[in-house]
Amino acid sequence: MKKPRVIFGYLSEKDWAFIEFLCFTHASWRYVVSMAQVRVDGGNRDPREERAGGKLAARPTGYRIDLVVFAESRWLREMGSICEVVDLNENYPFVASYHFLADQRAADLITHNYGYAMKTDFDCFITATLIHHFPLQFETGRMHYTPLPGTSERLRRVAQDLGLQHRGRHDVGPTWYGDAHTLVSLARASLPVVYHLLDEEFEANADGSWRQNWVAGEGWPLWSKDMAVMYAPDIVLNHLVENFDISTKYDVHGDTERYTFSLYHIHCQHGDGNFSKFEFFKHKYDDRDVTGGLDFHLVKDYALWLAVSTWRHVMAMQQGQQQGQQQGQQQGSWR
């Protein structure tokens, strides 16, 4: 029997991290899982039709996609309200995107239970197109951290210094999808390369931290210490995996007008227009009508609808709980 698939990532300590996860990744995962469990005959289902009471012919697909969250300890209570919690009693603030996979318990959880795995950030949405996608080779998103040739040349030189083969492919995105063992191996092998880059390719402060030499031309969009977490997988993936695809179907900007059925994964990033995660957290969409006028198959409208409708549902639940508590207090005062 084939192992199920998993989507996983790390929930940071930032104050907005849980709401971001709940309204972005978790909301889209719930929708995709509903599609995977029951596929509507004749094409993709629009969840708004369910809310309107529409009845559609459906049949099960048999596909399973789990969601696993590695989180800071501060979020255990919140996570316990929506999933089963396994407390590893560890936090991984440095290289949080994949540092936690150095923990053998975390690595075993992924590799022992799943066949395909996707590592993602949580300011992301997945689409229902992922349901039927089982990649023939390892796939990643695309993120442009080599806008100038000096960076790519330096990465190849570092690989040579380490005795590693580099196939000349760059801009490996933060989202990875493929064989679970390959993914975990990539993450674990990337960690020492991150430290090598920081220790050998950047200057150190007196306290041991690393700094950019701006006078020497370091710093984004040039060679940047803040991108070491991206540089390391670039070096390791080119050595470790002969055939891989840097795909434009992952890490797609949240404001694009591409259709969701043409891609697997949306990543809200700096510079996005509408939909923008920054505008979302500034409550710029609080009064936005999402009951009509949206094309659910457009990326920007899909992201907008899922995030805003989930946020409003969470707020309604909190208000209901507060009203219940107030009524309980009033009844207690009358006795």
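Preceding block: the structure.
Residues numbered from 1 in each chain as written. Predicted model: local features only at pLDDT ≥ 70, side-chain atom pairs only at ≥ 80, totals over all residues. Heavy atoms only, no water.

Participant: Is there a simple way to think about the overall build of the chain in this case?
Facilitator: What the chain contains, in helices and strands, is 9 helices and 12 strands. Residues classed as buried in the chain amount to 48% of the 335 residues present. (Helix = DSSP H or I, 4+ residues; strand = E, 2+ residues; numbered from the N terminus. Buried < 20%, exposed > 50% of the residue type's maximum accessible area, 1.4 Å probe, protein only.)

Participant: What am I meant to see in the packing of aromatic side chains here?
Facilitator: Geometry of an aromatic ring pair is reported as the spacing of the ring centres plus the angle between the planes. Applying the stated criterion across every chain, the model contains 30 aromatic pairs. Above the face of the Tyr63 ring, Arg5 is positioned so that its terminal group lies 5.9 Å from the ring centre. Here Arg74 stacks its cationic end above the ring of Trp75, 4.3 Å away from the centre of that ring. (Phe/Tyr/Trp six-rings, centres within 6.5 Å; stacked < 30°, edge-to-face > 60°. Lys NZ or Arg CZ within 6 Å of the ring centre and 35° of its normal.)

Participant: Help me understand the layout of surface pockets in this model?
Facilitator: To find leftover empty space, a probe the size of one water molecule is rolled over the atoms. Empty space within the largest pocket amounts to approximately 1400 Å³. Every residue lining the largest pocket is counted, 47 residues in all, and those nearest its centre are Lys14, Ser97, Asp121, Asp123 and Val229. Among the residues making up the lining of the largest pocket, the classes are represented as 28 nonpolar, 10 polar and 9 charged. (1 Å grid on protein atoms, 1.4 Å probe; cavity = no way out; pocket = protein on both sides within 12 Å on 5 of 7 lines; lining within 4 Å. Points joined across faces, edges and corners; volume = space filled by probe spheres on them. Nonpolar A, V, L, I, M, F, W, Y, C, P; charged D, E, K, R; others polar.)

Participant: I keep staring at the pattern of salt bridges and nothing clicks. Help me out?
Facilitator: Between side chains of opposite charge, a pair can form as their charged atoms come close. According to the stated counting rule, one finds 13 salt bridges in the structure shown. Two residues, Arg74 and Asp15, come together in a salt bridge whose shortest N-O distance is 3.0 Å. Placement of the pair is Arg74 in the loop between strand E4 (65-71) and helix H3 (76-80) and Asp15 in the loop between strand E1 (5-11) and helix H1 (17-37), with a sequence separation of 59 residues. The class for Arg74 is partly exposed, based on a relative accessible area of 42%. For Arg105, the salt bridge is made with Asp103, and the minimal N-O distance between the two is 2.8 Å. A cluster of three or more residues bridged by salt bridges with shared partners is formed by Arg154, Arg157, Asp161 and Glu201. (Salt bridge = Lys/Arg side-chain N within 4 Å of Asp/Glu carboxyl O.)

Participant: So what exactly am I meant to see when it comes to the nonpolar core here?
Facilitator: If you look at soluble globular proteins, the nonpolar side chains tend to sit buried side by side. In terms of nonpolar packing, the biggest core is built from 50 residues, with Leu11, Phe125 and Phe275 touching the most fellow members. At the level of secondary structure, the elements contributing two or more residues to this core comprise E1, H1, E4, strand E6 (124-126) and helix H9 (299-334). A per-element tally of this core places H1 first, with 13 residues. Among residues more than four places away in sequence, those in contact with Phe125 are Cys23, Phe24, Ser28, Tyr264, His265, Ile266, Cys268, Phe275, Tyr302, Ala303, Leu306 and Ala307. Membership of the second largest hydrophobic core comes to 45 residues, among which are Leu155, Ala180, Leu237 and Phe244. (Core = buried A, V, L, I, M, F, W, Y, C linked by side-chain atoms within 4.5 Å. Contact = heavy atoms within 4.5 Å.)

Participant: Help me out: how do you make sense of the packing of helix H6 (residues 180-201) against helix H7 (residues 228-240) in this one?
Facilitator: Between H6 and H7, the least distance of the axes is 8 Å, while the angle of their chain directions is 125°. In terms of their interaxial angle, H6 and H7 are classed as oblique. Crossing hand, H6 versus H7: right-handed. Contact residues: H6 offers Ser185, Leu186, Ala189, Ser190, Val193, Val194, Leu197 and Leu198, while H7 offers Ala228, Val229, Tyr231, Ala232, Pro233, Ile235, Val236, Leu237 and Leu240. Here the residues of the contact of H6 with H7 sort into 15 nonpolar, 2 polar and no charged. (Axes fitted to C-alpha atoms, helices over the stretch in contact; angles between N-to-C directions. Parallel < 35°, antiparallel > 145°, perpendicular 65-115°, else oblique. Left-handed = near helix turned anticlockwise from the far one by under 90°.)

Participant: Would you mind showing me how to read the environment of Leu298 here?
Facilitator: In this structure, Leu298 sits in the loop between helix H8 (277-281) and H9. Judged by its relative accessible area of 13%, Leu298 is buried. A C-alpha to C-alpha distance of 8.8 Å links Leu298 and Phe261, two positions 37 residues apart in sequence. When neighbours within four sequence positions are excluded, Leu298 is seen to be in contact with Glu257, Arg258, Tyr259 and Thr260.

Participant: It is not clear to me how helix H5 (residues 149-161) should be interpreted in this structure. Could you clarify?
Facilitator: A turn of α-helix holds 3.6 residues, and therefore any two residues three or four places apart point the same way. Given a rise of 1.5 Å per residue, 13 residues ought to cover 18 Å, and the 19 Å separating the end C-alpha atoms of H5 matches this to within 8%. Buried residues of H5: Thr151, Ser152, Leu155, Val158 and Ala159, and no others. On an axial view of H5, the arc spanned by its buried residues comes to 120°, and they lie on one face. Of the exposed residues in H5, those oriented more than 90 degrees away from the buried face are Pro149 and Gln160. Those residues of H5 that are buried lie in contact with H6 and H7. Immediately beyond the C-terminal end of H5, within one or two residues, lies Gly163, with a positive phi of roughly 75°. (Expected span 1.5 Å × (residues − 1). Arc of directions from axis to C-beta.)

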